[in-house]
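# Understanding the architecture of this molecule
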Amino acid sequence: MTNAEKINVGLNDRSYPILIGPNLLKAADTYLYDFVSNRHCIVISDTTIGPIYQNLLAKTISPICCKLNNLRVPSGENSKSLSVFTEICNDILNIGIDRNTILIALGGGVIGDLVGFASASLLRGIDYIQIPTSLLAQVDSSVGGKTGINAQAGKNLIGAFHQPKIVLTDTNLLNSLSKRELLSGYAEIVKYGLLGDANFFKWLEKNWSDILDLKQDKVIYAIKRSCEMKAEIVASDETEKGMRALLNLGHTFAHAFEAIAEYNGELLHGEAVAAGLGLAFDFSYTKQLCSKEDAARVRSHLAQTGLPYNYASLPAGKAPIPQIIEHMRKDKKTVSNELTFILANRIGKACVVQNISEEEISSFFIAKGVNHV
Ligand SMILES: NC(=O)c1ccc[n+]([C@@H]2O[C@H](COP(=O)([O-])OP(=O)(O)OC[C@H]3O[C@@H](n4cnc5c(N)ncnc54)[C@H](O)[C@@H]3O)[C@@H](O)[C@H]2O)c1
Ligand SMILES: [Zn+2]
């Protein structure tokens, strides 16, 4: 077995390991042995990733599992819909499953969320494994057990907390990912530094281009540190009653921009997050929570990597302020006109700030000199 880095997500009887390293998929029979041997496995992927990796995985694990099926859904956010969810559940039930069947999510965050929710729902809950293939999924969505699909009323509104049995993160899979998707995933890595580890952010300022060039040691460290931080936060607050909310740094802004862009591929999640991180620090400075220097440093790092750091330059940045605020309210699932934001006291220390009025956010946007609608 090659040396994989191992992180434990400590959730008592729902604890599980995250294994990180190069070429793990080729040795999936070894790494996944305890979870797939003598079991019926159904590997679910999308139409982009499936043709590249599904055969390799099947070839590796089929000798040890008792039965293996491959399924695919169209790639893209639209697969996190009730109709695709229904289809995939029916396909799985038509194959024939029992409580010992295990699902394997081989893909990005879309596959992870969809398959995770299917496994939470089928037979009132069966096991699943995450094999994340996008950088975003490797540092974020595959860890923590949030599963779900989108509703007409908004993103991720139908779902369940359901933890995987193991996360197998093969860093070589990133070789086939587009540079734009890679950079988008990098925004979530920056988020971890900003929310809780100033030294990690400093390390990213120095090593970002090696990470984006997929220098293995750097990529592995960046993923490992991100997963360690997420694992620690999830272990302390599995169902987001408190501290887990810090993982949403930059996301209230980001989700509003994504909703305005209608998830049509024009704006990737990480791109929206990058703009959101810049705004969260600017807003923190406006509220005298953090220094001007920290806010400038965040912007300058985002700019240096090529991530959008100026929300007005986004396609959704032309939207009128009331529309942005309306989406923020929906995202927070609140009907009151006061919002809670994740802001920062400094780089490496995020905080929850409650009771922010819509007028205050509106003035903040106006002061930025854009969107006087
Ligand atoms: N559950 C959570 O905690 C959580 C956290 C963050 C995001 N999410 C969800 O994750 C989703 C976004 O995830 P994503 O950015 O991975 O999107 P995605 O799954 O759509 O993947 C992005 C694109 O890259 C392709 N792709 C992925 N891996 C590839 C590879 N190795 N080689 C070639 N192509 C590859 C996919 O086919 C897709 O076209 C959103 O739906 C978001 O809501 C969930
Ligand atoms: Zn995110």
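Just so we're clear, the structure is a prediction, and the values are computed from it rather than from any experiment.

## Thoughts on the domain arrangement of the protein
- Under the domain assignment, the protein is made up of domain 1 (5–176) and domain 2 (183–367).
- Inter-centroid distance (C-alpha atoms) of domain 1 to domain 2 is 27 Å.
- In this complex, domain 1 contributes 30 residues to the contact, which on the side of domain 2 involves 28 residues.
- When domain 1 packs against domain 2, the two sides together hide about 2500 Å² of surface, and 68% of this comes from carbon and sulfur.
- Summed over the shared surface of domain 1 and domain 2, the result is five salt bridges.
- When the shortest N-O distance is used, the salt bridge between Lys-191 and Asp-140 registers 3.5 Å.

## Some points on the site of ligand 1
- Neighbouring ligand 1 are 24 residues; Asp-46, Glu-77, Gly-109, Ser-134 and Ser-176 lie closest to it.
- A distance of 2.7 Å separates an oxygen atom of ligand 1 from a polar side-chain atom of Lys-155.
- Here ligand 1 loses 88% of its free accessible area of 860 Å² to cover by the protein chains.
- Going through the elements one at a time, α5 (109–121), α6 (135–141) and β8 (154–161) are the ones with two or more residues in the shell around ligand 1.
- In the shell around ligand 1, the residues fall into six nonpolar, nine polar and nine charged.

## Topic: the environment of Pro-22
- As for its placement among the helices and strands, Pro-22 is situated in the loop between β2 (16–21) and α1 (28–31).
- In sequence terms Pro-22 and Val-139 are 117 residues apart; their C-alpha atoms lie 15 Å from each other.

## Remarks on unusual backbone geometry
- You will see that Leu-214, though not glycine, has its phi angle at about 60 degrees, which is positive.
- Looking at Leu-214, the relative accessible area reads 13%, which means it is buried.
- Non-glycine residue Asn-355 carries a positive phi angle of around 55 degrees.
- Its location among the elements puts Asn-355 in strand β11 (residues 349–357).
- On the basis of relative accessible area, Asn-355 is assigned to the exposed category, the value being 54%.

## Regarding the coordination of the zinc ion (ligand 2)
- The zinc ion (ligand 2) binds to the protein through Glu-188 (OE), His-251 (NE2) and His-269 (NE2); the donor distances cover 1.9 to 2.1 Å.
- Sequence positions of the donors to the zinc ion (ligand 2) reduce to the motif E-x62-H-x17-H. Linking Glu-188 in helix α7 (residues 179–196) with His-269 in helix α11 (residues 269–286), this pair joins segments that are 81 residues apart in sequence.
- Residue classification places Glu-188 among the buried positions, given a relative accessible area of 0%.

## Notes on the pairing of strand β7 (residues 146–151)
- For β7 and β8, the ladder comprises five bridges, and the chain directions are antiparallel. Pairing of Lys-146 across the sheet is with Phe-161, part of β8.
- Counting the residues that bridge the hairpin from β7 to β8 gives two residues.

## Some thoughts on the environment of Leu-183
- Summarising the element assignment, Leu-183 is placed in helix α7.
- Since its relative accessible area comes to 17%, Leu-183 is described here as buried.
- In the structure, Leu-183 is positioned 160 residues away from Leu-343 in sequence and 23 Å away in space, judged by C-alpha atoms.

## Concerning the pattern of salt bridges
- The full count for this structure, using the stated rule, is 23 salt bridges.
- With its nearest N and O atoms 2.8 Å apart, the salt bridge here joins Asp-127 to Arg-39. One end of the pair, Asp-127, is in strand β6 (residues 127–132); the other, Arg-39, is in the loop between α2 (33–36) and β3 (40–46), and 88 residues separate them in sequence.
- Taking the relative accessible area as the measure of exposure, Asp-127 reaches 23% and is therefore partly exposed.
- Ionic contacts of the salt-bridge type, sharing partners, join the residues Glu-5, Asp-197, Lys-224, Arg-225 and Glu-228 into one network.

So, how was this worked out
- Residues numbered from 1 in each chain as written.
- Chains lettered and ligands numbered in written order.
- Predicted model: local features only at pLDDT ≥ 70, side-chain atom pairs only at ≥ 80, totals over all residues.
- Heavy atoms only, no water.
- Domains from an automatic or database assignment.
- Contact = heavy atoms within 4.5 Å.
- Buried area = accessible area lost by both parts, 1.4 Å probe.
- Salt bridge = Lys/Arg side-chain N within 4 Å of Asp/Glu carboxyl O.
- Near = heavy atom within 4 Å.
- Polar contact = N/O pair within 3.5 Å; in protein donor to acceptor, adjacent residues only side chain to side chain.
- Areas by Shrake-Rupley, 256 points an atom, 1.4 Å probe, with all protein chains shown as cover.
- Helix = DSSP H or I, 4+ residues; strand = E, 2+ residues; numbered from the N terminus.
- Nonpolar A, V, L, I, M, F, W, Y, C, P; charged D, E, K, R; others polar.
- Buried < 20%, exposed > 50% of the residue type's maximum accessible area, 1.4 Å probe, protein only.
- Donors = N, O, S within 2.8 Å, 3.2 Å for Na, K, Ca; no water.
- Pairing = 2+ DSSP bridges.

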